[in-house]
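Residue-level listing of the chains:
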Amino acid sequence: MSLQYLIEKGTEYAHKAVAADKKGDYETAIKYYKAAIDLFLKYLRLYPDSSMSDFYRGLIIKYKSRVKVLEKHIEKIGIGGDGKRSGAEDIEVLSPNMRVNKKTFKDIVDLEKVKRALKRAVIYPVKNPKLYPLGWPKGILLFGPPGCGKTLIAYALANEINATLINVSPATIMSKWLGEAEKNVAKVFHKAREIASKGSPVIIFIDEVDGLLQEYGEEVGGEKRVRNQFLMEMDGLKEKENNKLLVFVVGTTNKPWKLDIGFIRRFEKRIYVPPPDKRVRKQLFKFYVEQLKEAYEIGEIDYDKLAELTEGYSSADIYSIVKETQSNLAEEFLEKHNGEKIRPITTEDFIEVIKSRKPSIDKNLLQAYKVWEEKHGTY
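On a predicted model such as this, the values are computed, not experimentally measured, just so you know. (Residues numbered from 1 in each chain as written. Predicted model: local features only at pLDDT ≥ 70, side-chain atom pairs only at ≥ 80, totals over all residues. Heavy atoms only, no water.)

(A) Spotlight on the packing of aromatic side chains. Applying the stated criterion to the full structure yields 17 aromatic pairs. Plain terms: the ring middles of phenylalanine 55 and tyrosine 56 are 5.0 Å apart, the flat faces sit at 75° to each other, and that makes the pair edge-to-face. With a relative accessible area of 44%, phenylalanine 55 lands in the partly exposed category. Considering the side-chain rings of tyrosine 132 and tryptophan 136, the 6.4 Å spacing of their centres and the 85° angle between planes classify their relative orientation as edge-to-face. Of the residues examined, tyrosine 132 reaches a relative accessible area of 23% and is grouped as partly exposed. Every member of this aromatic cluster is reached through a ring pair, and the members are Phe40, Tyr43, Tyr47, Phe55 and Tyr56. Lying over the aromatic face of tyrosine 32, lysine 31 brings its terminal NZ or CZ to 5.0 Å of the ring centre. Against the face of tyrosine 379 rests lysine 113, its NZ or CZ located 4.4 Å from the ring centre. (Phe/Tyr/Trp six-rings, centres within 6.5 Å; stacked < 30°, edge-to-face > 60°. Buried < 20%, exposed > 50% of the residue type's maximum accessible area, 1.4 Å probe, protein only. Lys NZ or Arg CZ within 6 Å of the ring centre and 35° of its normal.)

(B) Representation of the nonpolar core in the model. Judged by nonpolar contacts, the single largest core of 32 residues is most densely connected at Leu118, Ile140, Leu142 and Ile203. Secondary structure elements with two or more residues in this core: helix 4 (112-127), strand 2 (139-143), helix 5 (150-160), strand 4 (202-206) and strand 5 (247-253). When residues of this core are assigned to their parent elements, the largest contribution, 7 residues, is made by helix 4. The contact partners of leucine 142, leaving out residues within four places of it in the chain, are Val114, Leu118, Lys150, Ile153, Ala154, Val250, Gly251, Thr252, Thr253, Ile271 and Val273. (Core = buried A, V, L, I, M, F, W, Y, C linked by side-chain atoms within 4.5 Å. Helix = DSSP H or I, 4+ residues; strand = E, 2+ residues; numbered from the N terminus. Contact = heavy atoms within 4.5 Å.)

(C) Fine view of the pattern of salt bridges. Under the criterion given, the structure shown has 20 salt bridges. A salt bridge links lysine 106 to aspartate 107; its shortest N-O distance comes to 3.7 Å. A residue is classified by how much of its surface remains accessible, and lysine 106, at 71% relative accessible area, is exposed. Overall, the relative accessible area of 27% leaves aspartate 107 in the partly exposed class. (Salt bridge = Lys/Arg side-chain N within 4 Å of Asp/Glu carboxyl O.)

(D) Molecular detail of the pairing of strand 2. Taking burial as the measure, the 5 residues of strand 2 include 5 buried ones, the bulk of the element. Burial of strand 2 is two-sided: the residues Gly139, Leu141 and Phe143 facing one way and the residues Ile140 and Leu142 facing the other way are all buried. Relative to strand 5, strand 2 runs parallel, the two being bridged by 5 bridges. Paired with leucine 142 across the two strands is threonine 252, which belongs to strand 5. Pairing of strand 2 with strand 6 (residues 269-272) involves 4 bridges; the strand directions are parallel. By the bridge assignment, leucine 141 is partnered in strand 6 with arginine 270. (Pairing = 2+ DSSP bridges.)

(E) Highlighting the sheet that holds strand 1 (residues 92-94). Strands sit in the order 1-3-4-5-2-6 across an open sheet of 6 strands; the sheet is mixed. Two strands lie at the open edges of the sheet, namely strand 1 and strand 6, each paired on one side alone. When strand polarity is set aside, the average angle formed by the axes of neighbouring strands in this sheet is 20°. Two strands pair when backbone bridges link them, and strand 1 and strand 3 (residues 164-168) are joined in this way by 3 bridges, in the antiparallel orientation. Its bridge partner being in strand 3, leucine 94 is matched across the sheet by leucine 165. Where helix 5 meets the sheet, it contacts strand 2, strand 3, strand 4 and strand 5, and its direction lies at approximately 170° from that of strand 4. Strand contacts of helix 14 (residues 363-376): strand 2 and strand 6, with the helix running at about 150° to strand 6, the strand carrying the most contacts. (Axes fitted to C-alpha atoms, helices over the stretch in contact; angles between N-to-C directions.)

And the structure:
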């Protein structure tokens with residue numbers, strides 16, 4: 001085979017692969033990606049010292065990566081035929097009576113500043129929209145370290161206002177819906193407006209919203225269109241015909257600095273969800289230990305000491321510490337199983353677990369959150 005044939009035919013197959021990929025015709029895309037890869041590999045074997053060798057090696061790596069991604073899509077969602085899908089089944093709509101999580105603000109330890117900000121931005125406008133003739137914030141961003149309650153408080157907010165919750169993940173948008181992605185983003189917002197037009201508040205919840213801006217090595221254009229569609233839909237919520245609809249977009253992120261300025265502007269309220277300080281860590285230990293009382297006797301617990309020892313630990317870390325302590329006591333009792341009573345839980349039981357666990361919060365990042373809050377935070 002001539003050099004010219006290998007390059008021209010390989011390029012032709014690559015263009016067909018990308019075109020099929022954009023349409024969501026995954027199986028055809030895979031077929032053409034593999035054909036292009038095969039021809040480019042033959043080119044490299046026959047002409048290893050060509051000045052374009054590195055370029056085609058890069059394309060091969062890119063196309064192989066894309067094939068793996070698409071093959072996983074097909075395996076995961078069982079695409080058949082031409083690979084096209086309606087996407088409607090991917091919209092997870094949870095009405096209040098469908099949600100297992102019924103927690104409200106009173107079930108969340110502290111985070112009082114965050115709760116107050118959400119009351120001002122969401123709860124009060126829902127309670128009496130007539131008091132807000134200029135409208136209210138449509139986009140709320142919760143940012144901060146992982147494990148500190150961002151997702152929990154978003155669900156609690158939905159329960160506070162008895163809202164329908166529409167769950168959307170960047171992974172779902174960027175992957176499952178590739179090809180007709182922007183249409184399905186539009187469907188999410190259309191569904192939200194439809195529900196809200198009947199008088200029910202709606203929260204479109206996007207966990208790890210920075211994933212919508214992540215640059216992917218295998219991106220072929222669909223991801224960019226999704227992000228643009230998302231921004232257009234958020235702008236549409238502020239238009240005259242939608243301005244009074246009780247539709248809110250709540251996003252969470254551990255990496256707010258990855259958001260571009262376009263996204264930042266759409267989230268009018270940008271609220272820092274901080275790690276627990278010593279006072280709150282003490283409250284958290286008390287809160288979780290209290291739940292152990294139905295099965296265990298609680299001895300003298302030095303909550304101040306536990307709070308002091310867990311500097312840098314997240315709320316989720318503290319929950320895990322108490323849960324692991326529970327497991328240790330249960331194992332101890334079940335292994336003995338000699339009729340003895342379960343011994344009381346002591347401070348030392350918690351300390352032993354703390355010794356084996358490192359804090360999940362990077363102290364160096366805390367300053368970055370503070371800087372970003374000072375620059376972009378709004379309450």
